[in-house]
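# Structural characterization, general
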Amino acid sequence: MKKKKTTSQRIRDLVLAAMFMALGLALPFLTGQIPQIGGMLLPMHLPVLLCGLVCGWQYGLIVGFILPLLRMSLFGMPPLITAVAMAFELAAYGGIAGFLYNRSKWQCLISLYRSLIIAMVGGRVIWGAVRVMLTGVAGEAFTWQLFMAGAFLNAIPGIILQLVFIPALMVALNRTGMVPFHREKPAAQAAES
């Protein structure tokens, strides 16, 4: 049975979610300086995944949905159709990663990688479904080749970055005690404590 969060934990999560939102707004400016692979690094995905893992699935889902729409409203990028599809994709990333990781019996690197991979696949499937609906409304074709290129082939540098950087950062956060890896005590041990 999970304990309810205290007020101070909720405030901490809210502040961290705001920080992840700010990072998501700023990171595309940094990666945009590398035209060849800047967009392929998926700069808005990193803070959303981290938000879901650190703050919980609710915060990851909300930050993921708002971030691309806010960035489009403030800076005009990404374009509207891309921003809408990304809103659903990133919401799925933050929600799925946070839900699976925080519900895992073992919060360790294995559950972290499992949560990340399932979130990445789920988010890309949702992105593809939303793109099909949006391009169907616009009268354009969204082919299987466009889906594979947009979801996987062009995203390889970003996927590698996510699978290397996020676990490394989570291990560092574990060392600070901010996000501990832990194993739930069996019922017999919990009764003895």
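Note on numbering: residues in each chain are counted from 1, in written sequence order. Where totals are concerned, whole chains, interfaces and linings use all residues; where local detail is concerned, this predicted model gives features only for residues with pLDDT of at least 70, and gives and counts side-chain atom pairs only at 80 or more. Water and hydrogen atoms were dropped before computing side-chain values, which therefore reflect all heavy atoms in the structure.

## Thoughts on the overall build of the chain
To be explicit about the condition: Only DSSP runs of H or I reaching four residues or more are called helices, and only runs of E reaching two or more are called strands; each is numbered from the N terminus. Any residue under 20% of the maximum accessible area for its type is buried, any over 50% is exposed, and the rest in between are partly exposed; the area is computed with a 1.4 Å probe on protein chains only. Whether two residues touch is decided by their heavy atoms; if any such pair falls within 4.5 Å, the residues are in contact.
In terms of helices and strands, the chain carries eight helices and zero strands. Ordered by position in the sequence, the α and β elements of the chain form the string α-α-α-α-α-α-α-α. Counting across all 193 residues of the chain, residues that qualify as buried make up 39%. Restricting the contact set of the chain to residue pairs at least 6 apart, pairs at least 24 apart contribute 69%.

## Description of the packing of aromatic side chains
Just so we agree on the cut-off: Classification of ring pairs rests on two measures: the distance between centres of Phe, Tyr or Trp rings, Trp counted by its six-membered ring, which must be within 6.5 Å, and the angle between planes, read as stacked under 30 degrees, edge-to-face over 60 and tilted in between.
Per the stated rule, a full pass over the model turns up three aromatic pairs. Their ring planes at 80° and their centres at 4.9 Å tell us that Phe-29 and Phe-75 sit as a pair that is edge-to-face. With Phe-29 in helix α1 (residues 7-31) and Phe-75 in helix α3 (residues 57-75), this pair connects stretches of sequence that are 46 residues apart. Relative accessible area serves as the criterion here: at 41%, Phe-75 is assigned to the partly exposed category. Where Trp-57 meets Phe-99, the ring centres are 6.3 Å apart and the plane angle is 80°; that geometry is what we call edge-to-face. Note that Trp-57 is positioned in helix α3 and Phe-99 in helix α4 (residues 80-103), a separation of 42 residues in sequence. You can call Trp-57 partly exposed: its relative accessible area is 29%. A relative accessible area of 39% places Phe-99 in the partly exposed class.

## Details of the nonpolar core
Side chains of a nonpolar character, in soluble globular proteins, are inclined to be buried together. Put simply, the rule is: For this analysis, a nonpolar core means a set of buried residues of the types Ala, Val, Leu, Ile, Met, Phe, Trp, Tyr and Cys, connected via side-chain atoms within 4.5 Å.
Among the nonpolar cores identified, the biggest contains 32 residues, and Phe-20, Leu-49, Leu-53, Val-54, Leu-116, Ile-166 and Met-170 are the most heavily contacted of them. Those elements that place two or more of their residues in this core are α1, α2 (45-55), α3, α4, α5 (109-138) and α7 (156-176). If we skip the residues at most four places from it in the chain, Leu-49 touches Tyr-93, Ala-97, Leu-116, Ala-119, Gln-162 and Ile-166.

## A few points about unusual backbone geometry
Backbone torsion omega between Met-77 and Pro-78 reads -5°, so that peptide bond is classified as cis. On the secondary structure map, Pro-78 appears in the loop between α3 and α4. With a phi angle near 55°, Leu-42 is a residue other than glycine that sits in the positive phi range. Take Leu-42: it is sitting in the loop between α1 and α2.

## Some points on α2
Counting buried positions along α2 yields 11 of 11 residues, so the element is predominantly enclosed. Once α2 finishes, Gly-56 follows within two positions and takes phi at roughly 120°, a positive value.

## Here's the deal with the environment of Phe-181
Its place among the elements puts Phe-181 in the loop between α7 and α8 (187-192). Overall, the relative accessible area of 22% leaves Phe-181 in the partly exposed class. Separated by 10 residues in the primary sequence, Phe-181 and Val-171 have C-alpha atoms spaced 8.3 Å apart.

## Examining the confidence of the model for the chain
We count it as follows: In predicted models, pLDDT denotes the confidence assigned by the predictor to each residue on a 0 to 100 scale.
In the predicted model, the chain carries a mean pLDDT of 86, and 87% of its residues have values of at least 70. A low-confidence stretch, residues 185-193 (pLDDT under 50), is modelled with two contacts involving residues beyond four sequence positions or located in other chains.

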